[in-house]
Amino acid sequence: MEGSQVIKAPAEVCPLCEGTGWKTVAAGPKTGGSTNDRRVTRCDCRLRARGQSLMAAARIPRRYEHCELSNYDTDFPAAHPSLEEAHFIASGFAKKCDPRGDKGLLIIGKIGTGKTHLAVGIIKELIVNRGIPCLFYDYRELLKEIQNSYNSTVQTTELGVLRPVFETDVLVLDELGAVKPTEWVWDTVSLILNTRYNDNRTTIITTNFDDQPAAGAAGSISPARAASRGETLGDRIGERMRSRLHEMCRIVTLEGTDFRQKFRNANFR
Ligand SMILES: Nc1ncnc2c1ncn2[C@@H]1O[C@H](COP(=O)(O)OP(=O)(O)O)[C@@H](O)[C@H]1O
Ligand SMILES: [Mg+2]
Ligand SMILES: [Zn+2]
């Protein structure tokens, strides 16, 4: 026994809590006790561990791993003022939003204006600073996964894909409307959005489509003019869902041109 013992380096024990996961802090004068009063609270090491596992569960694509609110530039030459405003709203949201009941954000803008960057920056802060469970899904990817999990023998979709989408505290749905609309697509989108709406959960959505009515909807332009304009959010997800989104989200609009174009000569991808 003695001879076979391996000499191990001492395991890394957290110096704050000595591995218990709890640390004592001064209760402070507000509680009415003396300044010697102590109370226990979750140790930083456990919060860090929670942050790491939430980050892994959030499914942020590698392509967007670098996106933070702190490296979102609003100050480059010719930056549109809407970037600064959007960044301000995003930062306030990350700091203060209550994921049980607060409206989410609908981030609208042309391709490359930094919509996904902002959305990822927000959920990273929610995870790391506040321990809030978040989930990132590209709209096309999500619909594909749901479709693949459809079991034709029993005509049901596995809840395995949908449950986290329904239940996560904050969902990012990136590039809403990017799939050619069909009845199945509309049914699926309304199932997801209505479920989250009814459960009072917060959703952050990005889209390249203008927040305008569908062709032929009340208040929309004439069909003749509609034929020559670009497709709108109403065209892509239907008017019912577009108005549901207005109830669920605060609208943030990013103007300007593709961020990457400006930096093409500066080795920026
Ligand atoms: N204001 C910005 N500051 C820093 N990086 C940006 C900014 N806007 C866009 N980017 C970067 O440019 C690329 C494209 O942005 P992205 O968020 O994917 O645009 P969108 O989702 O609007 O199409 C990403 O790598 C992103 O990090
Ligand atoms: Mg994007
Ligand atoms: Zn600790």
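Going by the structure above, here's the rest.
Residues numbered from 1 in each chain as written. Chains lettered and ligands numbered in written order. Predicted model: local features only at pLDDT ≥ 70, side-chain atom pairs only at ≥ 80, totals over all residues.

Digging into the sheet that holds strand S4 (residues 134-138)
Going by this rule: The criterion for strand pairing is that DSSP finds at least two bridges linking the strands in question. Put simply, DSSP marks the helices as runs of H or I at least four residues long and the strands as runs of E at least two long, and each gets a number from the N terminus on. Interaxial angles span 0 to 180 degrees and are taken between N-to-C directions of axes, which are lines fitted to C-alpha atoms, for helices over the stretch in contact. By definition, residue pairs are in contact when their C-beta atoms, positioned from the backbone, come within 7 Å.
Judged by pairing direction, the sheet is parallel, and its five strands sit side by side in the order S4-S7-S8-S3-S9 without closing on themselves. At either end of the open sheet lies a strand with only one pairing partner, and these are S4 and strand S9 (249-254). Taken pair by pair, the neighbouring strands of this sheet meet at an average axis angle of 15°, ignoring direction. Pairing of strand S7 (residues 170-174) with strand S8 (residues 202-207) involves four bridges; the strand directions are parallel. Residue pairing across strands places leucine 173 opposite isoleucine 205, the latter belonging to S8. Packed onto the sheet, helix H3 (residues 115-130) meets strand S3 (104-109), S4, S7, S8 and S9 and runs at close to 165° relative to S7.

Topic: the environment of alanine 215
Note the following rule: The exposure label follows from counting other C-beta atoms within 10 Å of a residue's C-beta, where the C-beta atoms are placed from the backbone and the thresholds are 20 or more for buried and 12 or fewer for exposed, leaving partly exposed in between.
Positionally, alanine 215 belongs in the loop between S8 and helix H7 (223-228). What makes alanine 215 partly exposed here is the crowd of 17 C-beta atoms within 10 Å. Separated by 17 residues in sequence, alanine 215 and threonine 232 place their C-alpha atoms 8.3 Å apart.

Some words on the environment of asparagine 194
In this structure, asparagine 194 sits in helix H6 (residues 183-198). For asparagine 194, a count of 14 C-beta atoms within 10 Å corresponds to the partly exposed category.

A short note on the packing of H6 against helix H9 (residues 239-248)
Put simply, the test is: Working rule for angles: under 35 degrees goes down as roughly parallel, over 145 as roughly antiparallel, 65 to 115 as roughly perpendicular, anything else as oblique. By definition, any crossing whose near helix is turned counterclockwise from its far helix by less than a right angle is left-handed, and any crossing with a clockwise turn is right-handed. Three residue categories are used. Nonpolar comprises Ala, Val, Leu, Ile, Met, Phe, Trp, Tyr, Cys and Pro, charged comprises Asp, Glu, Lys and Arg, and polar comprises the others, including Gly.
Remark: H6 packs on H9, axes separated minimally by 11 Å, with the N-to-C direction vectors making an angle of 25°. When the interaxial angle is binned, H6 and H9 end up roughly parallel. Crossing of H6 against H9: the hand is left-handed. In this structure, H6 uses Val189, Ser190, Leu193, Asn194 and Tyr197 to contact H9, whose residues at the interface are Arg240, Met241, Arg244, Glu247 and Met248. In terms of residue class, the contact of H6 with H9 is built from five nonpolar, two polar and three charged.

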